[in-house]
Amino acid sequence: MKTYLFAVPVAPGKTETWKKYVKEMTGPRHDEYKKSRKRAGLKVEQVFLQQTSHGDMCVVMLAGDNPQKSLESMMTSNDPFDKWFREKVLIEAHGLDMSHPMPQNQQIIDYSETSVKEFA
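As the structure is a prediction and not an experimental result, all values here were calculated from the model.

Conventions adopted
- Residues numbered from 1 in each chain as written.
- Predicted model: local features only at pLDDT ≥ 70, side-chain atom pairs only at ≥ 80, totals over all residues.
- Heavy atoms only, no water.
- Axes fitted to C-alpha atoms, helices over the stretch in contact; angles between N-to-C directions.
- Helix = DSSP H or I, 4+ residues; strand = E, 2+ residues; numbered from the N terminus.
- Parallel < 35°, antiparallel > 145°, perpendicular 65-115°, else oblique.
- Contact = heavy atoms within 4.5 Å.
- Nonpolar A, V, L, I, M, F, W, Y, C, P; charged D, E, K, R; others polar.
- Core = buried A, V, L, I, M, F, W, Y, C linked by side-chain atoms within 4.5 Å.
- Buried < 20%, exposed > 50% of the residue type's maximum accessible area, 1.4 Å probe, protein only.
- Left-handed = near helix turned anticlockwise from the far one by under 90°.
- Pairing = 2+ DSSP bridges.
- Patch = residues over 30% accessible without salt bridge, like charges linked within 9 Å, V, L, I, M, F, W, Y side chains within 5 Å.
- Areas by Shrake-Rupley, 256 points an atom, 1.4 Å probe, with all protein chains shown as cover.
- Salt bridge = Lys/Arg side-chain N within 4 Å of Asp/Glu carboxyl O.
- Polar contact = N/O pair within 3.5 Å; in protein donor to acceptor, adjacent residues only side chain to side chain.
- Expected span 1.5 Å × (residues − 1).

Overview of the packing of helix α3 (residues 67–76) against helix α4 (residues 80–93)
So, step 1. The geometry of α3 relative to α4 is characterised by a closest axis approach of 7 Å and an angle of 95° between their N-to-C directions. What the angle tells us is that α3 and α4 run roughly perpendicular. Residue-level contacts link Met 74, Met 75 and Thr 76 of α3 to Asp 82, Phe 85, Arg 86 and Leu 90 of α4.
So, step 2. Grouping the amino acids of the contact of α3 with α4 by side-chain chemistry returns four nonpolar, one polar and two charged.

Dropping the structure here:
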């Protein structure tokens with residue numbers, strides 16, 4: 001299983017709006033949310049809210065066979081839930097410009113108990 005991690009800012013003044021949409025995803029829209037992620041091929045999605053001196057950030061971890069492809073499929077899907085997610089969460093709450101793909105990550109360090117690798 002491969003992982004893809006990224007951080008995305010919450011738009012200024014939109015943290016409570018973001019939390020409201022998360023409650024929808026984990027409450028009344030939970031079945032739609034699960035189907036969306038399964039359809040995209042994700043096995044794990046973890047989202048963390050991090051409050052920083054530069055504003056609130058979401059740190060996201062996706063895991064599956066090809067999490068970047070999964071993310072791309074969610075960004076282009078015509079499924080009603082996926083459209084809602086893009087419009088409400090990504091555009092309204094995060095202020096993202098959906099005309100640009102997510103940037104590629106460059107892994108710098110891979111630590112485990114037995115070794116440390118540097119990729120830079």
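Read on for the rest.
Some words on the nonpolar core
So, step 1. The biggest cluster of nonpolar side chains holds 21 residues, and the ones touching the most others in it are Phe 6, Met 25, Leu 62, Trp 84, Phe 85 and Val 89.
So, step 2. Secondary-structure elements contributing two or more residues to this core are β1 (2–9), α1 (15–26), β3 (55–64), α3 and α4.
So, step 3. Counting residues per element, this core draws most heavily on α4, which supplies six residues.

Section: the packing of α1 against α4
So, step 1. Direction vectors running N to C along α1 and α4 enclose 160°, while the axes themselves pass 9 Å from each other. Between α1 and α4, the interaxial angle falls into the category roughly antiparallel. The element α1 and its partner α4 pack so that their crossing is left-handed. Seen from α1, the contacting residues are Thr 17, Trp 18, Tyr 21, Glu 24 and Met 25; seen from α4, they are Phe 81, Trp 84, Phe 85, Lys 88, Val 89, Glu 92 and Ala 93.

Describing the sheet that holds β3
So, step 1. Read from one edge of the open sheet, three strands run β1-β3-β2, paired in antiparallel fashion. Only two strands of the sheet have a single partner each, and these edge strands are β1 and β2 (42–52). The sheet shows a mean angle of 15° between the axes of neighbouring strands, direction not considered.
So, step 2. Contacts from α3 reach β1, β2 and β3, with the element oriented near 50° to β1.

Quick word on a nonpolar patch on the surface
So, step 1. On the surface, Ile 108, Ile 109, Tyr 111 and Val 116 cluster together to form a nonpolar patch covering roughly 440 Å² of accessible area.
So, step 2. Residue class for Tyr 111 comes out exposed when judged on its relative accessible area of 58%.

Comments concerning the side chain of Thr 15
So, step 1. In this structure, Thr 15 sits in helix α1.
So, step 2. The exposure class of Thr 15 is buried, given its relative accessible area of 14%.
So, step 3. In terms of polar contacts, Thr 15 uses its side chain to reach the side chain of Asp 56, at 2.5 Å.
So, step 4. Beyond its immediate stretch of four places on either side in the chain, Thr 15 contacts Val 10, Leu 49 and Asp 56.

Considering the environment of Arg 29
So, step 1. Position of Arg 29 among the secondary structure elements: in the loop between α1 and α2 (30–39).
So, step 2. Classification of Arg 29 by relative accessible area gives buried; the value is 17%.
So, step 3. In the structure, Arg 29 is positioned 52 residues away from Phe 81 in sequence and 8.4 Å away in space, judged by C-alpha atoms.
So, step 4. Look past the residues within four positions of Arg 29 in its chain and what remains in contact with it is Glu 24, Phe 81 and Trp 84.

Here's the deal with α1
So, step 1. Here α1 contains twelve residues, and its C-alpha end-to-end distance of 16 Å stays within 8% of the 16 Å for a straight helix at 1.5 Å per residue.
So, step 2. For α1, the secondary structure elements touched by its buried residues are α2, β2, β3 and α4.

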